[in-house]
Amino acid sequence: MKGGHDLGGRQGLGPISPVPEAEEPVFHTDWERRVFAMTLATGMLGQWNIDESRFARESQHPADYLRNSYYENWLVGIQNLLVKKGLLTEGELAAACMITDGAEELRVPNSEEAIKILGTGGPTLMPSDGEPEFSVGDAVRAKKIHTKGHSRLPTYVQGSVGEIEENYGCHVYPDKNSAGERSGEFLYRVRFSSASLWGSSEDNSEVLIDLWQPYLENVE
Amino acid sequence: MAHSDDENMHSHDGDHGHSHDHTEPPPELELKVKALESLLVEKGLVNPDALNAIIDNYEHKVGPQNGAIVVAKAWVDASFKEALLADATAAVSELGYFGRQGEHLRVVENTDETHNLVVCTLCSCYPWTVLGLPPTWYKSAPYRARAVSEPRQVLAEFGTSLPGSTKVRVWDSTSEMRYLVMPQQPAGTQHWSEERLRCLVTRNSMIGVELAKSADAASEQDQC
């Protein structure tokens, strides 16, 4: 979906104004720590995957997404997922107290298990059951895809022509994974010249974007 | 978050670039987060010890010091560098760095001809296993918007200027591939020990917005 998160090439957002590296803490406030940890810990319940988690943040009104700070968007994301998956109710969130019993069948990791899960990660490489449609060096066009669902095809690249630099193999396809269907598609690194993306542009720069096969079409 | 809530949180208008720093936490938001945590604990959906362990892991254990160890080793050890560029996931795993947001790692090398810069325009994808959690600016709308369309101006805002002949390659992390930049080893450090070289390798140099610290800069700070 072309939500507030789809930011590549947007203008009018002002300077970056980075805090010097040595002066920035990992978390700025305690509530940021808690939102971060709650997001990872509830994710470990296995009720949703990373693409559903991203989609929950992206699905806000764009004005809210842009106005919120980073961890506010994370907070919105877990609240929405907890309700959608039936782990909490809207009433419980509003009242801030338990109304229905917890789901006893869920396995809730303790601290050792949580650290082990973080250290294991979740690789997305999958066995492939077909041949890749594109080869290194092929010219490809990023399709125009106007979906209301989750996608990892940025708007700024849609319609532009680039060149396949590498085939990364078959990886979990976010567009379906975000709807709970884990299936794989070939993932390619595609190189776009700045001129192909922005018309006239800064000289001598290019953008590398990882794109799944369904996002691409042959250029005749 | 609803507009009415947000008005109590912080001002955005006329405050570009600073609006997400949150030096003064909005009390309403703090209360909301505390209430959610209490509710999750009460319903048995999270273990409070696990929350603390997760925070401790990313606040104190996993961070850019890991990436600095990787880069300094590659500077002094040609066979490690070769292995790192061929299969970074495997090479850094051997140093003990593997896990969430580092399952499929690539290391991209800066040279005189090519400078690499990493961004995630769609969210905040970042190689946690070697850099920890991303800084606020990396997650900010201006960086995500501009790194792909005007990388040299973005670099200039970090005080980084490259020769016009250097090609800038901007890596937009749209997939679960994670990218770590290997900065060039600064001049005059060829005889330095691996341990001493590590303090030249900043987080920002491994994202690609800055170069590694010069030998002089490191000496001035009296850290190496």
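Scroll up a little and you will see the structure.
Residues numbered from 1 in each chain as written. Chains lettered and ligands numbered in written order. Predicted model: local features only at pLDDT ≥ 70, side-chain atom pairs only at ≥ 80, totals over all residues. Heavy atoms only, no water.

1. Quick look at empty space enclosed by the protein
The condition that has to hold: Only protein atoms enter the 1 Å grid, on which a cavity is a set of points fitting a 1.4 Å probe that cannot get out and a pocket is an open set with protein on both sides within 12 Å along at least 5 of 7 lines, lining residues being those with an atom within 4 Å of a point. Grid points are joined across faces, edges and corners, and a volume is the space filled by probe spheres set on the points. Secondary structure elements are taken from DSSP: a helix is a run of H or I of four residues or more, a strand is a run of E of two residues or more, and numbering for both begins at the N terminus.
For the structure on display, the rule yields five cavities of 30 Å³ or more. Of the voids in this model, the largest cavity is the one considered here, and its volume is about 240 Å³. Surrounding the largest cavity, 20 residues form its lining, A:Tyr65, A:Tyr70, A:Asn73, B:Lys139 and B:Arg144 being those nearest its centre. Every element with two or more residues in the lining of the largest cavity is listed here: α2 (50-58), α3 (62-67) and α4 (70-84) of chain A together with α8 (136-139) and α9 (141-146) of chain B.

2. Digging into the pattern of salt bridges
Counted only if it meets this: What counts as a salt bridge is simple: a side-chain nitrogen of Lys or Arg found within 4 Å of a carboxyl oxygen of Asp or Glu. Remark: exposure states derive from per-residue accessible area (1.4 Å probe, protein chains only) relative to the maximum for the residue type, with buried under 20%, exposed over 50%, and partly exposed in between.
The final tally for this structure, using the stated rule, is 26 salt bridges over all chains. For A:Arg54, the salt bridge goes to B:Glu176, with nearest N and O atoms at 2.8 Å. Highlighted residues: A:Arg54 in helix α2 and B:Glu176 in the loop between β3 (167-172) and β4 (177-182), drawn from two different chains. An identical accessibility class is assigned to A:Arg54 and B:Glu176; each is buried. Across the pair A:Glu206 and B:Lys167 runs a salt bridge whose closest N-O atoms are separated by 3.5 Å. Taken together, the residues span two chains, with A:Glu206 in strand β4 (residues 205-212) and B:Lys167 in strand β3. By relative accessible area, A:Glu206 is classed as buried at 7%. Through salt bridges that share partners, A:Glu163, A:Glu165, A:Glu166, A:Arg189, A:Arg191, A:Glu206, B:Arg106, B:Lys167 and B:Arg169 make up one connected network.

3. Digging into the environment of B:Leu31
Residue and element names in this part refer to chain B. Inspection of the secondary structure puts Leu31 in helix α2 (residues 27-42). The exposed category is assigned to Leu31, whose relative accessible area is 58%. Expressed as a C-alpha distance, the spacing of Leu31 and Gly132, which sit 101 residues apart in the sequence, is 27 Å.

4. Describing the interface of chain B and chain A
Defined as follows: The contact definition used throughout considers only heavy atoms, calling two residues in contact when any of these lie within 4.5 Å. We define buried area as the total accessible area lost by two parts upon association, computed with a 1.4 Å probe and summed across both. Polar contact is the term for a pair of N or O atoms within 3.5 Å; when the atoms are in protein, one must be able to donate a hydrogen and the other to accept it, and sequence-neighboring residues count only if both atoms are side-chain atoms. Gly counts as polar in this scheme, as do all residues outside two lists: the nonpolar Ala, Val, Leu, Ile, Met, Phe, Trp, Tyr, Cys and Pro, and the charged Asp, Glu, Lys and Arg. At least two bridges found by DSSP between two strands are what make those strands a pair.
Taken residue by residue, the interface counts 92 residues in chain B and 100 residues in chain A. Between chain B and chain A lies a buried interface of about 8500 Å² when both sides are counted; carbon and sulfur atoms form 60% of it. Our enumeration of links across chain B and chain A arrives at eight salt bridges. Of the charged contacts in the structure, one is a salt bridge between B:Glu59 and A:Arg33, with a shortest N-O distance of 2.8 Å. Counting every contact that joins chain B to chain A gives 41 residue pairs in polar contact (both at pLDDT 80 or more). Of the residues in the side of chain B that touches chain A, the class split is 40 nonpolar, 28 polar and 24 charged. Pairing of β4(A) with β3(B) involves five bridges; the strand directions are parallel. Looking across to β3(B), one finds that A:Val207 is bridged to B:Val170.

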